[in-house]
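# Fold and contact review
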Amino acid sequence: MTANRGDGPGGSETFERRLLLAVDAKGYGRADTVTQRQYQEGIARLLDRAAAIARLDRDGWLTQEGGDSVFAVLPATAYEPALIDTFMRALDAGLREFNQNRIPQARLRLRAAVHFGPAAPGAGGFVGSAPVETGRILDSAPLRAALDEAPDACLAVAVSAAVFRDVVKEAHTTLRPEEFRQVAVTEKEYRGQAWIWTPGTTARDPQAPPDPAPAPPLDLGPDRTPPGDTPAQQPRSSFVQNVSGGTGIQAENATVTITQTPGIAGDRP
């Protein structure tokens, strides 16, 4: 991270590249007032706890909050691998604990976006291309879909292409690159790439064809035989005449004889 102070085209101001974090709760607008209050309190508490575990100075964060969302510019000393790895793992664990024994409709589930770039405070929030890019990644359809596709997941994390390349791909974390999936981000005027990690799930290549649907069972009807099956062989039978004048039906393994003794004129009773 670098900071260059002095006069320049933008005036006598501070130009700093910072680590940026944005989080947002899924389904906040559909929740009732009690649940919304619980979400707000829970997000603040979980961020504090995860930051303490990752040794990221929470008191030094510059934040912009809006109900269920938090945008933060971390101190210049913030360690990027700690935010992507230790912090996110702790946040996921805290969310699972928070949601323990809660009904599905009241579970707190978060989206998070991480980026690194220039940011400066403005009259209505942070300004610069990096805060805009972070916000677009956070609001992107692929990141929203990541939680929809994994109903048991509590957290979905998207990192910018630069963060993935410099931190994850270079093996500065315990996360393997194949745990992430690359997605295209198209939000408003922004066009870019991001990499999504959903703890507890297996990443799937968005370019891969969908899994084939199972074939429906064959409707054979009552008298049809499935292709490739051979009808059961019926035992061969033949007619034989027994010595008593009756008719017998002889199968391969057995003989059944039906004896008929017709009356003959002159026979004695």
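As the structure is a computational prediction, the values presented were derived from the model and not from experiment.

What follows covers the nonpolar core. Ranked by size, the top nonpolar core spans 44 residues in total, and within it Leu 21, Leu 56, Phe 87, Met 88 and Leu 91 carry the most contacts. Of all the elements in the fold, those that place two or more residues in this core are strand E2 (13-25), helix H1 (33-54), strand E4 (69-73), helix H2 (80-98), strand E5 (110-118), strand E8 (155-160), helix H5 (161-168) and strand E10 (190-197). Counting residues per element, this core draws most heavily on H2, at nine residues. Beyond its immediate sequence surroundings of up to four residues, Leu 56 is in contact with Ala 51, Trp 61, Leu 74, Ala 78, Tyr 79, Ala 82, Leu 83 and Phe 87.

This brings us to helix H3 (residues 129-138). Burial analysis of H3 places eight of its 10 residues in the buried class, which makes it a mostly covered element. Taken residue by residue, H3 has Ala 130, Pro 131, Glu 133, Thr 134, Gly 135, Arg 136, Ile 137 and Leu 138 as its buried positions.

Further remarks concern the packing of aromatic side chains. Evaluation of the coordinates by the stated rule reveals six aromatic pairs. With a centroid separation of 6.4 Å and an interplanar angle of 35°, the aromatic rings of Tyr 28 and Tyr 39 are classed as tilted. Here the residue Tyr 28 occupies a position in the loop between E2 and H1, and Tyr 39 occupies one in helix H1, the gap between them amounting to 11 residues. Considered together, Tyr 28 and Tyr 39 belong to a single accessibility category, that of buried residues. With a centroid separation of 3.9 Å and an interplanar angle of 5°, the aromatic rings of Phe 164 and Trp 195 are classed as stacked. Separated by 31 residues along the polypeptide, Phe 164 in helix H5 and Trp 195 in strand E10 bring together distant segments of the chain. The pair Phe 164 / Trp 195 is uniform in exposure class, with both members buried.

With that out of the way, let us pick up H2. Taking 1.5 Å per residue, 19 residues should reach 27 Å; H2 reaches 26 Å between its end C-alpha atoms and fits that length. At Phe 87, H2 is bent by approximately 30°, the largest bend along its length. Along H2, 14 of the 19 residues are buried, which leaves the element largely enclosed by surrounding structure.

So, on to the pattern of salt bridges. Throughout the structure, instances matching the rule amount to 13 salt bridges. Residue Asp 48 is joined to Arg 58 by a salt bridge in which the shortest nitrogen-to-oxygen separation is 2.8 Å. With Asp 48 in helix H1 and Arg 58 in the loop between H1 and strand E3 (62-66), this pair connects stretches of sequence that are 10 residues apart. By relative accessible area, Asp 48 is classed as partly exposed at 38%. Between Glu 178 and Arg 176 there is a salt bridge; the shortest N-O distance is 3.1 Å.

Here the focus is the side chain of Ser 160. Relative to the helices and strands, Ser 160 is located in strand E8. Those residues in contact with Ser 160 that lie beyond four places of it in its chain are Val 114, His 115, Glu 133, Ile 137, Gln 193 and Trp 195.

Reading guide: rules and limits
Along each chain, residues carry numbers from 1 onward, in the same order as the chain's sequence is written. This being a predicted model, a pLDDT of at least 70 is required before a residue's local features are given, and a value of 80 or more before pairs of side-chain atoms are given or counted; all residues contribute to the totals for chains, interfaces and linings. To obtain the side-chain values, all non-hydrogen atoms of the structure were included, while hydrogens and water were left out. Only buried residues count toward a nonpolar core, which is a set of Ala, Val, Leu, Ile, Met, Phe, Trp, Tyr and Cys residues joined through side-chain atoms within 4.5 Å. Here's how the labels work: a residue is buried when its accessible area is under 20% of the maximum for its type, exposed when over 50%, partly exposed in between, all with a 1.4 Å probe on protein chains only. Put simply, DSSP marks the helices as runs of H or I at least four residues long and the strands as runs of E at least two long, and each gets a number from the N terminus on. Residues count as neighbours in contact if any of their non-hydrogen atoms are within 4.5 Å of one another. Aromatic pairs are defined between Phe, Tyr and Trp rings, using the six-membered ring for Trp, whenever the two ring centres lie within 6.5 Å; interplanar angles under 30 degrees are classed as stacked, those over 60 as edge-to-face, and all others as tilted. Given the number of residues in a helix, its expected span is that number minus one, multiplied by 1.5 Å. One axis is fitted to the seven residues ending at the residue and one to the seven starting there. The bend at that residue is the angle between these axes. We count a salt bridge whenever a side-chain nitrogen from Lys or Arg sits within 4 Å of a carboxyl oxygen from Asp or Glu.

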